[in-house]
Every structure is written in C-alpha cells, then in structure tokens.
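Remarks on the overall topology
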Amino acid sequence: MNFAFSDDQLALAVTVRDVLRAHCPARAVREAGLGGDRTPAWSHLAKAGLFGMLVPEHHDGMGLGMTDAVLAFEETGRAALPGPVAETVAAAPVLLAADPAAASSALPGVAAGTTIVSVRLGDQVYAPDADLADLLILEEDGELYAVPAGGARLTPQPGVDPVRRLFAVAFDPSPGARLAHAGPGALRGVTVAVAAQLIGLARHLLETTVGYARTRRQFGAAVGTFQAVKHQLADVAIAIDFAAPLVYAAALAADRDLPSADRDVSAAKAAAGEAADRAARVALQVHGAIGYTDELDLRLWLARVWSLASAYGNTGLHRSRLRSAILGTPELRRWP
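The notes below deal with the structure included here. All residue numbers refer to positions counted from 1 along the written sequence of the respective chain. It should be noted that, the model being predicted, local features are given only for residues of pLDDT at least 70 and side-chain atom pairs only at 80 or more, the latter also being counted only at that level, while totals for whole chains, interfaces and linings use all residues. Each side-chain value is worked out from all heavy atoms of the structure, with water and hydrogens disregarded.

This paragraph deals with the sheet that holds strand β6 (residues 166-171). A strand pair is defined by DSSP finding two or more bridges across the two strands. Numbered from the N terminus, helices here are DSSP runs of H or I no shorter than four residues, and strands are runs of E no shorter than two. Overall, antiparallel pairing links the three strands, which are arranged β2-β6-β5 in an open sheet. In the strand order of this sheet, the two ends are held by β2 (127-128) and β5 (152-157), each with one partner. The pairing of β5 with β6 spans six bridges and is antiparallel. Bridged to Pro-156 within β6 is Phe-167.

Structure (structure tokens):
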C-alpha cells in the first residue's frame, strides 16, 4: 500500500501549520483555558479551507476525503488547537450530508467556518465544547437529532483538559429534528481525526522534550546526553513512527469503506493513543515536576493528550475491538 502523500495534501498541511503558528501560538491555547477566546485561528483556518475539506462541493466545500485531511488534523493536534475541530470538520459533514434538508441549511456554514458543531455519538456520555457550538448532533435511543444551540440544556462536567470542556446535554427529541442515519462513516472519520491529532500532539511533545533535554543540565552535563534519557526519547520516536502509518491506513480504509475499516480505525486509535501517552509520560519525566505547573505551557499539551486518548473509545476499548476482529470473537462493548 502506497503511503506517499500528494503535493496537494502536503501543501494543505503546510498551510494549516503556517496559519496555526501565526494565529494559535501557545499563548492563545493558554488564554483559552483561562476563559479567553476558545476558537483562536478558526476564521483564518476557514479561509484556508480547513472546515470545508470534507463538505461536498455542492454545499460550498472541497469534497475531499480523510486521506486528504489527515495531515491537516495532525497539525491541529501539534498546535493543541482549541474548539471542537474533529467534530466540526470530520463528523458534521458526514452526519449532515445524509439528510438533504439538514445538509442544505447547515453545511455551507460548516464549510465557511461560521457554524461550529459538537456531537455526542454512540455510548459517549458528554459532548465536547458544546457551549461553543451553533449546532449539536446528538444520538438518543439509536436516533440522531440536529439540535440548535438554544434547544439544548448544557451542564458542565469536570474534565482533565481546561481547554477542551465537556458537557452533559439534555434536550427534548422532536421528529422535526431527526436526521437520517449516515452509517458508520462519521464515527470512523472523527475517530481517525482524533487519532491524527494525537500523533500531532506526540510530535510536539517529543520536539519540546528533546529541546529541553539539550539545555537542562545535571551533574555538569545536559540531561540529553544521559543514555537513559536518550533511550526514552528514542522509544517515543519509534512509537510515533509505528503509529502514524496506521492512522494514514485507517483514513484510506474509511474513505474507501473497506471491509477492514473498523479494524483499521481501532488499530490507529489504539496506537496513536499509546504513542501520545508515552510522549506525555517521557515529557514529564524529563522536565520533572515543573512540566505540569503553570510556569510551562507543556501542561496544556499533556492535558490534551489525556483528554483525546479517551475520546471516541480509549486505548483499552480499541485494543479489545482489534483483538476481536483478528480472532473472530464477539465484541464486548459498543463503540465508542
């Protein structure tokens, strides 16, 4: 299988990275956690086409697939971009496109970046960043509903990430708000998007930790020269290099609706979650206790790793699903 990305796919990722460097620095992420703007860079990313990537062309989008978008999602993870990015970019277009009326009314706004969407699918308990959303797509008793922000009651819930906030959502289901089912595509897509974000987070943590190890000194030498530290950083790099191709393969499988798609998505989410968790643990070990204090922005990336690692199925669940797919045994739990 060829994992070489096209020039256009690479260019899109570079564009997203450049926009995020300019408009979503660490300072913006920190301020988002303190009650500041929780959608920094969104208007600039909309102009770059991020929010219209998966929206069909006849609804003002680009009509691309997850394979085209996966590197851009990595960049949103690398920058720890606040807001329900995966939900708006990856889940909403698939869920809304299955219902012509909902698609016509909502998808142009999604493509333009003016309609923010949060979702609660399957066994998810909470909707991320629901207070920012203009539209909520909620699954209730096996049915999907598109609920405008004013039509739902939100209750904040405690979470590990002060930037990615969680909400319990209550609403009165009405037949008029019911959506046609879109099949498994949305759940696969948003899970791949989150897995790609975890790869981006892991890459950022590795780069940050390597840089710190070169400057922090103990016993008269940079800690990066210690063999134990080198080995830990090398293990992180290897974990990322093993996980990233699995995420790219899952994006391709989801786009083509391959028979192996669910297995591939679970393999990607599990591997990406493990790589990011390893990157976070090594970052903390190398930085020491200061790594989780307000003095360093590292804590923001750590919290995002822990938050996204459990989103749309944690590593244990996806390992269980992968094992069931390989061995042909029944799945024990619903996904996500």
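So, on to the sheet that holds strand β4 (residues 143-148). Strand pairing in a sheet relies on backbone hydrogen bonds. The paired strands run either parallel or antiparallel. The strand order across the open sheet formed by four strands is β1-β3-β4-β7, and the pairing between neighbours is mixed. Both edges of this open sheet fall to β1 (117-120) and β7 (178-179), since each of them pairs with a single strand only. Bridge analysis of β4 against β7 gives two bridges, and the strand direction is antiparallel. Paired with Tyr-145 across the two strands is Arg-178, which belongs to β7.

All right, on to empty space enclosed by the protein then. In this analysis a 1.4 Å probe is tested at points of a 1 Å grid over the protein atoms alone, and where it fits but cannot get out there is a cavity; an open set with protein on both sides within 12 Å along at least five of seven lines is a pocket; lining residues have an atom within 4 Å of a point. Grid points are joined across faces, edges and corners, and a volume is the space filled by probe spheres set on the points. Scanning all chains against the criterion turns up one cavity of 30 Å³ or more. In terms of lining, the largest cavity is formed by 15 residues, of which the most central are Gly-83, Val-85, Arg-164, Gln-197 and Leu-308. At the level of elements, α5 (85-97), α7 (185-215) and α10 (298-309) are the ones that each hand at least two residues to the lining of the largest cavity. Counting residues per element, the lining of the largest cavity draws most heavily on α5, at three residues.

A separate point is the side chain of Thr-209. Tracing the chain through its elements places Thr-209 in helix α7. Using a relative accessible area of 2% as the deciding quantity, one classes Thr-209 as buried. With near-sequence residues (within four places) excluded, Thr-209 lies in contact with Leu-233, Val-282, Ala-283, Val-286 and His-287. For the exposure calls, accessible area comes from a 1.4 Å probe over protein chains only, and a residue counts as buried if that area is under 20% of its type's maximum, exposed if over 50%, partly exposed in between. A contact between two residues is defined here by any heavy atoms of the two lying within 4.5 Å.

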